[in-house]
Amino acid sequence: RVIGRQVRVAEVYEEYLEEVGVDDDLSVKLAVSAAQIRDQHGHDLVRASKLYSRALAFNPGVQSVADALEDVLIRKRDSEELRTFYRGQVDAANSDTRRVAMLHKLGKVTENELREHASAIRVYQEILEVSGGDEPAIRELDRLLTEAGRYTDLAEHINYQEGMR
């Protein structure tokens, strides 16, 4: 019965947000509250992810909302949506450290879940553009280029790395 009331609160918040949109701090708080209720009490990951996404669209730099949305998307197992999320976080990152961390996650999803090795190669190259000495990115790029038989690209990559030393 309590859960029913909480889900009803989420419905009221959602109705309000449909009318006014998510365009100020109050509506962001309502969207996040509704998302939390949908996630924790209604176990509705689809609605929760939509609500978190709306809140994040208004203010992409809110780390707690980004973390909550990432968690929901991982549990939802929607790799395409997760890729879009990580790309958005890369674009919204306010530091190279955050950008590189999101790119690593993007690379893993692109390779391991979406099986798009050429795209994963581009992600790891992007990491090295931001942080040339990133050892995990260097290793992943070496491995992916070797597995793809892209030996010319691998040679260029190795030469570039030698030039960085």
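Computed from a predicted structure; not experimentally measured. (Residues numbered from 1 in each chain as written. Predicted model: local features only at pLDDT ≥ 70, side-chain atom pairs only at ≥ 80, totals over all residues. Heavy atoms only, no water.)

Taken as a whole, the largest pocket spans an internal volume of roughly 150 Å³. Taken together, S53, L56, A57, P60, L69, L73, E81, T84, F85, G88 and Q89 make up the lining of the largest pocket. Those elements that provide at least two residues to the lining of the largest pocket are α3 (45-58), α4 (63-76) and α5 (79-92). Per-element accounting of the lining of the largest pocket gives the leading share, five residues, to α5. (1 Å grid on protein atoms, 1.4 Å probe; cavity = no way out; pocket = protein on both sides within 12 Å on 5 of 7 lines; lining within 4 Å. Points joined across faces, edges and corners; volume = space filled by probe spheres on them. Helix = DSSP H or I, 4+ residues; strand = E, 2+ residues; numbered from the N terminus.)

Look at α5 against helix α6 (residues 96-113): their axes get within 9 Å of each other, and the N-to-C directions meet at 160°. Comparing their axes, α6 and α5 come out roughly antiparallel. Note that α5 runs across α6; the crossing there is left-handed. Residue-level contacts link S79, L82, R83, Y86, R87, Q89 and V90 of α5 to R98, R99, M102, L103, K105, L106, V109, T110 and E113 of α6. For the contact of α5 with α6, the residue count by class is seven nonpolar, three polar and six charged. (Axes fitted to C-alpha atoms, helices over the stretch in contact; angles between N-to-C directions. Parallel < 35°, antiparallel > 145°, perpendicular 65-115°, else oblique. Left-handed = near helix turned anticlockwise from the far one by under 90°. Contact = heavy atoms within 4.5 Å. Nonpolar A, V, L, I, M, F, W, Y, C, P; charged D, E, K, R; others polar.)

Together, Y16, V20 and L26 give the surface a local cluster of nonpolar side chains, amounting to about 260 Å² of exposed area. The topology assignment puts L26 in helix α2 (residues 25-40). (Patch = residues over 30% accessible without salt bridge, like charges linked within 9 Å, V, L, I, M, F, W, Y side chains within 5 Å. Areas by Shrake-Rupley, 256 points an atom, 1.4 Å probe, with all protein chains shown as cover. Salt bridge = Lys/Arg side-chain N within 4 Å of Asp/Glu carboxyl O.)

Taken as a whole and assessed by the stated rule, the structure comprises one aromatic pair. Seen in terms of ring centroids, F85 and Y86 are 5.4 Å apart; in terms of plane orientation they differ by 55°. Their pairing is tilted. Exposure remark for F85: the relative accessible area of 8% places this residue in the buried category. Overall, the relative accessible area of 3% leaves Y86 in the buried class. (Phe/Tyr/Trp six-rings, centres within 6.5 Å; stacked < 30°, edge-to-face > 60°. Buried < 20%, exposed > 50% of the residue type's maximum accessible area, 1.4 Å probe, protein only.)

Between α6 and helix α7 (residues 117-130), whose axes approach to 8 Å, the crossing angle comes to 165°. In terms of orientation, α6 lies roughly antiparallel with respect to α7. Here the hand of the crossing between α6 and α7 comes out left-handed. Contacts between α6 and α7 involve D96, R99, V100, L103, H104, L106, G107, K108, T110 and E111 from the former and H117, S119, A120, V123, Y124, E126, I127 and V130 from the latter. Of the residues in the contact of α6 with α7, the class split is eight nonpolar, five polar and five charged.

We now examine the nonpolar core. In terms of nonpolar packing, the biggest core is built from 42 residues, with Y52, F85, Y86 and Y124 touching the most fellow members. Elements supplying a minimum of two residues to this core: α1 (2-20), α2, α3, α4, α5, α6, α7 and α8 (135-147). Among the elements that line this core, the one with the most residues is α2, at seven residues. Apart from the residues within four sequence positions on either side, Y124 is in contact with H104, G107, K108, A137, E140, L141 and L144. (Core = buried A, V, L, I, M, F, W, Y, C linked by side-chain atoms within 4.5 Å.)

Once that is clear, we can look at unusual backbone geometry. Excluding glycine, a negative phi dihedral is what most residues carry, and trans is how most peptide bonds are arranged. The residue R77 is not glycine, and still its phi comes out positive at about 60°. If you trace the backbone, R77 turns up in the loop between α4 and α5. Using a relative accessible area of 73% as the deciding quantity, one classes R77 as exposed.

All we've got here are geometric facts, nothing functional implied.
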